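Structural features, examined
Take a look at the letters that make up each chain.
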Amino acid sequence: MKDPKFIDDIDTCPPIGRTATLGLQHVLVMYAGAVTVPLIVGGALNLSPEHLAILINADLLCCGLVSLLQALGIGKWIGIRLPVMMGVSYAGIAPMIAIGMNPEMGLPGLYGAIIAAGLICFLFMPVIIKALPLFPPLVTGATLLSLGTGLLGVAIAWAGGGYGAADFGNPFYIGVAGLVLLVTLLVARFARGFFSSLAVLAGIAAGMLVAVAFGKVSITGLDAVPMVEMVRPFQFGLPTFEPVAIITMTLIVLITMVESIGLFFSLGEILNHKITRSEFKRGLRADALGATIGGIFNAFPYTSYAQNIGLVGITGVRSRYVCAAAGIFLIMLGLLPKVAHVIATIPHYVLGGAAIAMFGMVAASGVRILQSVDFRNNRHNTLILAISLGVGMIPTMSPNFFSAFPKYMAPFLQSGVLLTVITAVILNVIFNGVRHSQLDLSDDPAEAAAPPELGMAQSSARP
């Protein structure tokens, strides 16, 4: 029987017009988060607007494909078949930039590592399920806190005009970034319901309008961009496979799976649906396959988006076909290069204002998870957190600290998030051991209750 809190059952498809409208709402909620990561990574790699547009189109296309994979599934093996929207994970930003900036790897090395990482996680899913207890709240919270604080440096640099800007720190740049942040806060504070979830998008729009009004934005060449164009695999060259980069991205995909585990539990609570072990496996397989799809189509690893799960609770619409409709909209957007070209012209200082809020939320989500950790009665936890954060902040505080090490280790040593997660996992095992009860997944729906340790918010801050 249908839960009276909800309008639709999970497996019921509403009328087409209503399904399309509700699906578009999901797209609006996640759109800013979906396009921000390619803008950040592409900007850090100094890609041209044309290449940035390729990244954005590819990312939107893959968001749609992987969302369809989760919502509709393939056979009995792939897809959780719940109202889930998939978007690029923020956890991989720093290591992806490090790999992409390595002249011996570049984008072909990055995409080869993402493809291999997805395949490794897909093939070794039984082992991964057993290894997830190595990532309790102490580890995930420390990782997210390190990730957020490290990324704030990127946000601040963007707010000042961007890396290498000749007039870095121009009061106009800082003023526009401040305006973006102010509008974001005002909308988040005073808007209600669905509109409050568009706070970051509203902030970016306000900053873009000011930049356009002052003649700071150029869309030269837009007329030459085709209205519709297919996203082609390997547009940046055939992938190469470097062992260190593969290990790095495998850890990132594993982290996105930990994110998804927490959100699947949260979604199950919202839907009053107890998720079984087989559903978890199908969902995580879609995560892994999503990374491989992303690597093939010049995109990134993917994970569930928290704001879309929240939207399910707000609207009471839990039909998975609504998310499938949203996936189709995202695929259509991925085939419109003119839209991506315009988005690629957003100035760094506009994105910087939004990024301060989003990356700060990443750090805040880590703090929120750490609230469930026992620091009062277990002094070892404080030590683990302190050392993990200290090690993880090395690349941010002293970028040349590991400069004398071999270049092939750069993707690992220059990633604060990887240094944090590895340090935290090792120290946690040494001091606290492995508590298998932290991941209690059962095939019996009556037993598939969400343990407090994994009832956590999405680690990647989404607008």
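Below is a short write-up of the structure. (Residues numbered from 1 in each chain as written. Predicted model: local features only at pLDDT ≥ 70, side-chain atom pairs only at ≥ 80, totals over all residues. Heavy atoms only, no water.)

What to know about the packing of helix H4 (residues 106-123) against helix H10 (residues 277-296)
Operational definition: Between N-to-C directions, angles span 0 to 180 degrees; the directions come from axes that are lines fitted to C-alpha atoms, helices contributing only their stretch in contact. The way it works is that DSSP assigns letters per residue, a run of H or I at least four long becomes a helix, a run of E at least two long becomes a strand, and they are numbered from the N terminus. Here roughly perpendicular refers to angles of 65 to 115 degrees, roughly parallel to angles under 35, roughly antiparallel to angles over 145, and oblique to all remaining angles. Rotating anticlockwise by less than a right angle from the far helix to the near helix defines a left-handed crossing, while the corresponding clockwise rotation defines a right-handed one. Note on definitions: a residue-residue contact is assigned when non-hydrogen atoms from the two residues lie within 4.5 Å. Only Asp, Glu, Lys and Arg are considered charged in this grouping, and only Ala, Val, Leu, Ile, Met, Phe, Trp, Tyr, Cys and Pro are considered nonpolar; every other residue, Gly among them, is considered polar.
Interaxial distance between H4 and H10 falls to 7 Å at its minimum, and their mutual angle equals 160 degrees. The angle between H4 and H10 falls in the class roughly antiparallel. Crossing handedness for the pair H4 and H10: left-handed. Side by side, H4 and H10 meet where Tyr111, Ile114, Ile115, Gly118, Leu119, Cys121 and Phe122 of the first sit next to Arg285, Ala288, Leu289, Ala291, Thr292, Gly295 and Ile296 of the second. Partitioning the contact of H4 with H10 into residue classes produces 10 nonpolar, 3 polar and 1 charged.

Brief notes about a nonpolar patch on the surface
Filter applied, for reference: Each patch is assembled from residues with relative accessible area greater than 30% and no salt bridge, linking like charges that lie within 9 Å and nonpolar side chains (Val, Leu, Ile, Met, Phe, Trp, Tyr) that lie within 5 Å. The protein chains shown are the only cover counted for residues, whose accessible areas, like all others here, come from Shrake-Rupley with a 1.4 Å probe. Each salt bridge in this description consists of a side-chain nitrogen of Lys or Arg and a carboxyl oxygen of Asp or Glu lying within 4 Å of one another.
Together, Leu119, Ile120, Leu123, Phe124 and Val127 line one region of the surface with nonpolar side chains, adding up to about 470 Å² of accessible area. No other element matches H4, which puts 3 residues into the nonpolar patch. With respect to the helices, strands and loops of the structure, Leu119 is situated in helix H4.

Some details on unusual backbone geometry
The phi angle at Asn46 is positive, at roughly 55 degrees, despite the residue not being glycine. Structurally, the position occupied by Asn46 is in the loop between helix H1 (16-44) and helix H2 (49-72). Positive phi, close to 60 degrees, is recorded for Arg81, a residue that is not glycine. By the element assignment, Arg81 lies in the loop between H2 and strand E1 (86-88).

Observations regarding the packing of H2 against H10
H10 packs onto H2 with a crossing angle of 160 degrees between their chain directions and a minimal axis gap of 9 Å. Considering the angle they form, H2 stands roughly antiparallel to H10. In this structure, H2 meets H10 at a crossing whose hand is right-handed. Touching Cys62, Leu65, Val66, Leu69 and Gln70 of H2 are Arg282, Gly283, Ala286, Asp287, Leu289, Gly290, Ile293 and Gly294, all from H10.

Some points on the environment of Pro83
The test is simple: Relative accessibility decides the category of a residue: with a 1.4 Å probe and only protein chains considered, values under 20% of the type maximum give buried, values over 50% give exposed, and everything between is partly exposed.
Mapped onto the elements, Pro83 comes out in the loop between H2 and E1. Judged by relative accessible area, which is 1%, Pro83 ranks as buried. Sequence-wise, Pro83 and Ala71 are 12 residues apart; in three dimensions their C-alpha atoms are separated by 5.9 Å. Dropping the residues within four chain positions of it, Pro83 is found in contact with Ile10, Leu267, Leu271, Val312, Arg318, Ser319, Arg320 and Cys323.

Re the environment of Arg232
On the secondary structure map, Arg232 appears in the loop between helix H8 (199-213) and helix H9 (243-271). On a C-alpha basis, the gap between Arg232 and Ile54 in space is 9.4 Å, while along the polypeptide they are 178 residues apart. Dropping the residues within four chain positions of it, Arg232 is found in contact with Phe297 and Asn298.

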